[in-house]
Amino acid sequence: MIPAQFSYRRASTVDEALSLLGEYGDDAKLLAGGHSLLPLMKLRLATPEVLVDLGPLDELRYVRVEGDTVAIGALSRYHDLQQDETLRTHAPLVAHVAGVVGDQQVRHRGTIGGSLAHADAAADLPAAILASDGELVVRGPQGERRIPAAEFFLGPFTTPLEPDELVTEIRVPVSTGTGWGFEKFTRRAIDWAIVGVAVVGKSVGLINMGGTPLRATATEQALASGASVADAAALAAEGASPLDEPHASAAYRSHLARVLTARALEQAA
Ligand SMILES: Cc1cc2nc3c(=O)[nH]c(=O)nc-3n(C[C@H](O)[C@H](O)[C@H](O)COP(=O)(O)OP(=O)(O)OC[C@H]3O[C@@H](n4cnc5c(N)ncnc54)[C@H](O)[C@@H]3O)c2cc1C
């Protein structure tokens, strides 16, 4: 459980982080909260030669309303997001979900940008941002680009981010009073979700029902056609390919997806 040797650089501005990524290329890895990257390094599943620490980057810690959008700095920590009054008012699902990630220690270090960039299908915030029709703002040597969350999760731990790019901001539409709901089924209180569901209005995001966070499109289409919550939720696992493991079979996860979708939709109604 000892990482391979690496060198360590601190970036105090976005420009400095980009310049360090440019200097070290594929040999470098960004370090945000470290709560996914450091365990991987200890297992030697990740062996970056250079860690570029984004910790000092206070310029990416904010929540602000810009017109009809809530802009969230990528280095915002879960603990800050769960407490943030602007977020609680204007994007309540995101604030709520930030408060159910892991435990206190994880929430004081982990960042929303790190969670999305890591792209773990079992993580909570990616599905919430997907259900919110959010987008990611990314900066690299060519400038800035925006990637809808619907196009960001390409496969397990796989995104369209280039090695020299950095997620700077996450944007979600300002809530206009639309209902929302969230359900997370865990073995123990602080665990990762066996399955989870995030709902905003009639948009449904699924946690841990495949290699990426997913939209429950069959459920969404049924709701759009006027189906009842019960009938629409019964379709929640359509097209999903959940893991089949001894402690939670694919059939069990599909059952959970249907039950949790019904509950989250009822909360949102
Ligand atoms: C005990 C434990 C329990 C946990 N429980 C949960 C849980 O219940 N739900 C859940 O969702 N998560 C959980 N997590 C994971 C946690 O949410 C991590 O914080 C998160 O997955 C990664 O965020 P980070 O800021 O720690 O990123 P890091 O670990 O620092 O980085 C993760 C990856 O993202 C890249 N990266 C980081 N920031 C950026 C950026 N701005 N731009 C581009 N790339 C970037 C890094 O290079 C790295 O590849 C848990 C972790 C632990 C250790």
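- Per an unreviewed UniProt entry, the chain goes by the name Xanthine dehydrogenase family protein subunit M and belongs to Amycolatopsis acididurans.

**Observations regarding the domain arrangement of the chain**
Part 1 of the argument: Structurally, the chain comprises domain 1 (7-53), domain 2 (58-173) and domain 3 (180-268).
Part 2 of the argument: Here the C-alpha centroids of domain 2 and domain 3 sit 21 Å apart.
Part 3 of the argument: Across the contact, 24 residues belong to domain 2 and 22 residues belong to domain 3.
Part 4 of the argument: A combined buried area of about 1800 Å² lies between domain 2 and domain 3, and 70% of that area is made up of carbon and sulfur atoms.
Part 5 of the argument: When the buried surface of domain 2 facing domain 3 is broken down by residue, Leu93, Ala121 and Ala131 rank first, second and third, together holding 28% of it.
Part 6 of the argument: Remark: the boundary between domain 2 and domain 3 carries two salt bridges.

**Let's talk about the pattern of salt bridges**
Side-chain pairing between opposite charges can occur once the charged atoms of the two side chains come close.
Part 1 of the argument: Taken as a whole and assessed by the stated rule, the structure comprises 15 salt bridges.
Part 2 of the argument: For aspartate 133, the salt bridge goes to arginine 215, with nearest N and O atoms at 3.0 Å. You can see aspartate 133 sitting in the loop between helix H8 (124-131) and strand S6 (135-140) and its partner arginine 215 sitting in strand S12 (residues 214-215), a full 82 residues away along the chain.
Part 3 of the argument: For arginine 215, a relative accessible area of 25% translates into the label partly exposed.
Part 4 of the argument: Where glutamate 165 meets arginine 145, a salt bridge forms, and the shortest distance between an N and an O atom there is 2.8 Å. Taken together, the positions of glutamate 165 in the loop between strand S7 (143-148) and strand S8 (166-173) and arginine 145 in strand S7 put the pair 20 residues apart, joining distant regions of the chain.
Part 5 of the argument: With a relative accessible area of 32%, arginine 145 lands in the partly exposed category.
Part 6 of the argument: Through salt bridges with shared partners, a single network forms among Arg64, Glu66, Glu135, Arg146, Glu169 and Arg171.

Cut-offs applied
Residues numbered from 1 in each chain as written. Predicted model: local features only at pLDDT ≥ 70, side-chain atom pairs only at ≥ 80, totals over all residues. Heavy atoms only, no water. Domains from an automatic or database assignment. Contact = heavy atoms within 4.5 Å. Buried area = accessible area lost by both parts, 1.4 Å probe. Salt bridge = Lys/Arg side-chain N within 4 Å of Asp/Glu carboxyl O. Helix = DSSP H or I, 4+ residues; strand = E, 2+ residues; numbered from the N terminus. Buried < 20%, exposed > 50% of the residue type's maximum accessible area, 1.4 Å probe, protein only.

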